[in-house]
Amino acid sequence: MADDDREQFLAALDESLAGGRFVKLTLSKYRGPEAGLKNVYVRPVTLKGGGRLSFLYRYRTRDAVKNHTRAQGARLVRGLLASGFAGGHLFTTAEDLRLDLSRKGDARLSRTPPTFSTPAAEEHDRRKRRAVETEGNVYLHALGVTNERGEVRPAMGDKLRQINKFVEIVAGLYDSSPLAGREEVALVDVGSGKGYLTFAVYDYLNNVRGVRAEVTGVEARPELVELCNDVARRAGFERLSFRKGFVQELELPAADLLVALHACDTATDDAIHKGVVAGASVIVTAPCCHKEVRPQMRAPEALRGVLRHGHLLEREAESVTDSLRALLLEAAGYRVKVFEFVTSEHTRKNTMIAAVRRDDAADPASALADFRALKEFYGIREQRLEKLLCEI
Ligand SMILES: C[S@@+](CC[C@H](N)C(=O)[O-])C[C@H]1O[C@@H](n2cnc3c(N)ncnc32)[C@H](O)[C@@H]1O
């Protein structure tokens, strides 16, 4: 029986590869001799020499990738199941199969309806296609980015560039975070507005990357929540939903990734706070309307000549606010980068704060000391994120 179940699993792998139904395979529960090895993730790729299987070996502290022909790959999976991996999860467009091997050598196979209805987009295709395709795209049309022929409306070109850039950034952060290789993730988008970015990131994670992503938009304006839920239904995005309310008042669902783009003023602090409390691995914000810190700022002697100009004071207040947020995120255990999100002559709301949770223990003392020094330098009494984090 044990061999039967194992053989059936391997036969299903062969058949899915031969029939173009293979989506991906995960090997888990490693009990073999190789130090630090945890999982192997197998997915199809197209290289110069043709179709291959990419094997990503995940060790405790590093990844290694090897590509094999499909026949070699299938043999390798057989070998890996014989030499230490006790769990296999095969995704095909016909069915999902899960194989569990016990320590005594017994095998159990279970079959469930398929998670994915189309084969994974191969790396080769991924490089060619943009993160967000416009052709036949239901949500871009429903949200007014494209016309009925799938062409980008003239006034929406910048928006589409912003959407693509955002998805690329989230993809890069995802890959560099502890979430890389996960089969299921939850993402919360705070201040989702009309949902352009929420739809795009849902589509990308689920339909391009083959990750089962549960995505929730949180938005204060009820008419936008209604619109977005309606578009999600029309697009067939079953794991995407929008909730009405102010982020600070809501109990949010679990979040592995939290994003908040142009959430007004201190809604960015509320969003970051929720992300930290949820233990999110990735927190991405593009703050806007920095109102809290500016009226509190006292120009230090040497900067009086600069900060007496309202325009320069406003810029300084933005930089200081975002620096304080970055320092608090570092103190909370994140690696943080602050960079220009999109270059645009039309908006200055283009600073992005991207935080990825560290997997080593970081000492918060230095970031907290810098935070306090910066606050003191400008005479700032109160900063919302600090207040929220102190209440944890
Ligand atoms: C400038 S729009 C950005 C929309 C979207 N994130 C984007 O970048 O395209 C900001 C949105 O955040 C919402 N918002 C502001 N404060 C909020 C809060 N405290 N809780 C939830 N939503 C909020 C607003 O209603 C608005 O729709």
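Located above this text is the structure these notes cover.
Attention in this report is confined to the structure presented alongside it. Predicted model only: the values in this text are computed from it and were never measured.

1. Quick notes on the pairing of strand E1 (residues 22-30)
Walk down a regular strand and you will see the side chains alternate between the two sheet faces.
Then, number 1: The buried count for E1 comes to seven of nine residues, which makes it a mostly enclosed element.
Then, number 2: With seven bridges connecting them, E1 and strand E5 (residues 85-92) associate as antiparallel partners. Following the sheet pairing, Leu27 is matched in E5 by Gly88.

2. What about the site of the ligand?
Then, number 1: Around the ligand, a shell composed of 20 residues is seen, among which Gly191, Gly193, Ala220, Leu261 and Ala267 lie nearest.
Then, number 2: Within the residue set of the shell around the ligand, elements represented by two or more residues are helix H6 (196-208), strand E9 (212-219), strand E11 (257-264) and helix H8 (267-278).
Then, number 3: Top element by residues in the shell around the ligand is E11. It accounts for four residues.
Then, number 4: When its residues are assigned to classes, the shell around the ligand shows twelve nonpolar, five polar and three charged.

3. Quick look at the pairing of E11
Then, number 1: Along E11, six of the eight residues are buried, which leaves the element largely enclosed by surrounding structure.
Then, number 2: Here three bridges tie strand E8 (residues 184-190) to E11, and the two strands are oriented parallel to one another. Pairing of Asp189 across the sheet is with Val259, part of E11.
Then, number 3: Pairing between E11 and strand E12 (residues 282-288): six bridges, direction parallel. When the bridges of E12 are listed, Leu258 appears paired with Ile283.
Then, number 4: Taken together, E11, H8 and E12 constitute a β-α-β crossover, and its handedness is right-handed.

Cut-offs applied
- Residues numbered from 1 in each chain as written.
- Predicted model: local features only at pLDDT ≥ 70, side-chain atom pairs only at ≥ 80, totals over all residues.
- Buried ≥ 20, exposed ≤ 12 C-beta atoms within 10 Å, placed from the backbone.
- Helix = DSSP H or I, 4+ residues; strand = E, 2+ residues; numbered from the N terminus.
- Pairing = 2+ DSSP bridges.
- Near = placed C-beta within 6 Å.
- Nonpolar A, V, L, I, M, F, W, Y, C, P; charged D, E, K, R; others polar.
- Right-handed = clockwise from strand over helix to strand, strands pointing away.

So far we have only geometry, and geometry alone does not tell us how the molecule works.
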